[in-house]
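What follows is each chain in one-letter form.
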Amino acid sequence: MADEQVTEPQNTNESNAQAAQPAADAQASATSTPAEPAAPQAPVETETAKAEAPAAPAAPEAPKANDTPTAPTVQTPAPATPAKPTPKPHVPSPLAFAKKPAKHPVAAPAHTYSEADVKAAKAFGRVDEKGTVYVKEGETEREVGEFPGATNEEALTLYARRYLDLKAKLDLFATRLKAANIKPREIDESIKTLGEETTNPAIVGDIPALKAQYEELKKAGEAKKAELAEARKAALEKAIKERTAIVEKAEALANSLSENTNWRSTADKFRSLFEQWQEHQRTSIRIDKPTADALWKRFSAARTTFNQHRRKWAQARDASREETKRVKEEIIKEANEIKDSTDWGATSHQFNELMDRWKAAGRAGRKEDDELWAKFRLACDVFFNARQADRDQMSSNEKDNLAKKEELLKKAEALVPVADEKAAKKARQALADIQDEWDQIGYVPREDMHRIESRLDAVDNKIKAVEQAAWQKSDPEADARVSSFEAQLKAQLDELDAQIAAESDPAKKSELEAEKATKEQWLNAVK
């Protein structure tokens, strides 16, 4: 999994610089003050002093923008039991050493100390007549080395500067402990190294104070490690929570899949979540492998679920598109078979049905749909263009028919009004001739049809009214119906007279009289 390949950056600049320090330690110490001779004889030390001699601390490099600096790691030989001072054979001077090419050309930078600091350190040491250097450590005194051929002042200065060098390392580590990017391993290594260097060091100075400072730094280092542990625990919990949130979003997407899912949009969301996952790996604290693996398994399972559903959807979509393509090709075939028909009404209905089937068939893909639609549209255009041409021709003929029927209307409207039955019969005969000619002319434009038909009907109604009036006057059945109605009314009036005479209730008698008055009016009307 990609998560386990993410490593924390490490800065090796300081450790590389420090690795070159021991080789140049003597030169850095011997040449750091003007008071020392330009080319003194190299100090002759006991075996113990040589083993305990500390290396000059290297100046810390400024961390680069993208580097995570590490704490200064001081390398010194392991301490040994002090031995009695014994004469040492002559060794080459530092100048002689300088003539030989160094295996590590990078030398540690030298510190510059004030005369007051050097003097205060020298107060804890002395040099005997043989050049042996001693240091006072509490109530005791021990030998730290020899510097034959040099003055007592030069010898004390050399070992006092070594004391200041070691104190500078402790001060540097104290400053480093305040840094936010220091690592627990760096603290452990520095504490270990400084502990070795402060155990019986071959230096001249306030060694008890130096050891007390080391003990304080040791406690401060443990407190810093506890603080870092808590910070890492909080950062780890935060990172797990953030990574889990990404997983839960992916799982929610996977659980929301349905037939209405927008697969393109959902794929973009999964892609965004994966990019967030990768960015979180690069920028957050490294999560422990079991937890990271478990979260990745859940995230991967959600993506797999989505991919499987999308694959099934794509397969179903492809099958549906193939079926749609087949149906539309069949529709195109049927359209081509009827496109040349001149049965405008029936064929128009068939084309409407084909269009309904086309819409219900669904989609066959953008490219395929465009090609299929062009073929179907071509067949439709052949038929409907032909029908429109026929309609255009028919429209021209209908306008001519309208002009002819309007001329006939003038003749028909000239037949009315008629004065009597004889004139009505004559007008009826002329109107019949006009109607025969009217029917032979043919269709007129639809918008004019009602207007001219209504005018012709009005002429017919005027003639018919005169004919109806004459018929009613000469109809014997009508006379018989009137006589029968008159006899019924007279009988009802006689019955009402009897009821009125016999009725004593004024209200009912009033109603009967009103009914009698109404029927008397009817009788007068039919006489």
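Cut-offs used in this document
Residues numbered from 1 in each chain as written. Predicted model: local features only at pLDDT ≥ 70, side-chain atom pairs only at ≥ 80, totals over all residues. Heavy atoms only, no water. Helix = DSSP H or I, 4+ residues; strand = E, 2+ residues; numbered from the N terminus. Buried < 20%, exposed > 50% of the residue type's maximum accessible area, 1.4 Å probe, protein only. Areas by Shrake-Rupley, 256 points an atom, 1.4 Å probe, with all protein chains shown as cover. Contact = heavy atoms within 4.5 Å. Salt bridge = Lys/Arg side-chain N within 4 Å of Asp/Glu carboxyl O. pLDDT = per-residue confidence, 0-100. Expected span 1.5 Å × (residues − 1). Arc of directions from axis to C-beta. Polar contact = N/O pair within 3.5 Å; in protein donor to acceptor, adjacent residues only side chain to side chain. Phe/Tyr/Trp six-rings, centres within 6.5 Å; stacked < 30°, edge-to-face > 60°.

(A) Highlighting the overall build of the protein. Scanning the protein from terminus to terminus reveals 16 helices and 3 strands. For the protein, buried positions account for 34% of its 527 residues. As presented, the protein carries roughly 32,200 Å² of accessible surface, and 52% of it is formed by carbon and sulfur atoms.

(B) Representation of the side chain of S348 within the structure. Along the chain, the position of S348 falls in helix α11 (residues 344–361). Ignoring anything within four residues of it in the chain, the contact list for S348 reads D343, F383, F384 and R387.

(C) Here's a closer look at the pattern of salt bridges. Scanning the entire structure with this criterion turns up 27 salt bridges. Two residues, E406 and R451, come together in a salt bridge whose shortest N-O distance is 3.1 Å. Of this pair, E406 sits in helix α12 (residues 366–413) while R451 sits in helix α14 (residues 446–473); the two residues are 45 residues apart in sequence, bridging distant segments of the chain. Its relative accessible area of 28% is what places E406 among the partly exposed residues. On the basis of relative accessible area, R451 is assigned to the partly exposed category, the value being 34%. D448 is paired through a salt bridge with R451; the nearest N and O atoms lie 3.4 Å apart. On the criterion of helical spacing, the pair formed by D448 and R451 is a turn pair, its members being 3 residues apart in helix α14. Taking the relative accessible area as the measure of exposure, D448 reaches 16% and is therefore buried. Salt bridges sharing partners connect three or more residues here, namely E137, R142 and K211.

(D) Region of interest: unusual backbone geometry. The residue after V416, namely P417, is reached through a cis peptide bond having omega 5°. Note on placement: P417 falls in the loop between α12 and α13 (421–441). Positive phi outside glycine occurs at N200, with the angle close to 50°. Relative to the helices and strands, N200 resides in the loop between α7 (184–197) and α8 (207–255).

(E) Fine view of the confidence of the model for the protein. Model confidence for the protein is summarised by a mean pLDDT of 77, while 76% of its residues fall at 70 or above. Confidence drops under pLDDT 50 across residues 1–109; counting only partners more than four residues distant or on other chains, this segment forms 194 contacts.

(F) Expanded view of α11. Over its 18 residues, α11 runs 25 Å from end to end, which matches the ideal 26 Å to within 8%, given 1.5 Å per residue. Within α11 the residues assigned to the buried category are T347, S348, F351, L354, W358 and A361. Down the axis of α11, the smallest arc covering the buried residues is 135°, so these residues share one side. The exposed set on the far side of α11, more than 90 degrees from its buried face, consists of G345, D356, K359 and A360. Buried residues along α11 sit in contact with α10 (289–338) and α12. Where α11 ends, the next residue or the one after it, G362, has phi of about 95°, a positive value.

(G) Inspection of α13 at higher detail. The end-to-end C-alpha separation of α13 is 30 Å, in line with the 30 Å expected for 21 residues at 1.5 Å each. Every buried residue belonging to α13 is among A424, A427, L431, I434, W438 and I441, and all of these are buried. Seen end-on, α13 carries its buried residues on one side only, within an arc spanning 90°. Set apart from the buried face of α13 by more than 90 degrees, the exposed residues are K422, K425, K426, Q429, D439 and Q440. One side-chain oxygen at the N-terminal end of α13 lies 3.3 Å from the backbone nitrogen of K422; it belongs to D420. Looking one or two places after α13, you find G442, whose phi comes out positive at around 110°.

(H) Geometry of the packing of aromatic side chains. A complete count under the given rule lists 15 aromatic pairs for this structure. With a centroid separation of 5.1 Å and an interplanar angle of 20°, the aromatic rings of W277 and F299 are classed as stacked. Placement of W277 in helix α9 (residues 263–283) and of F299 in helix α10 is noted, with a sequence separation of 22 residues between them. Judged by relative accessible area, which is 1%, W277 ranks as buried. Among the residues examined, F299 registers a relative accessible area of 0% and is labelled buried. When the ring of F383 is compared with that of F384, the centres are 5.0 Å apart and the planes differ by 75°; the resulting orientation is edge-to-face.

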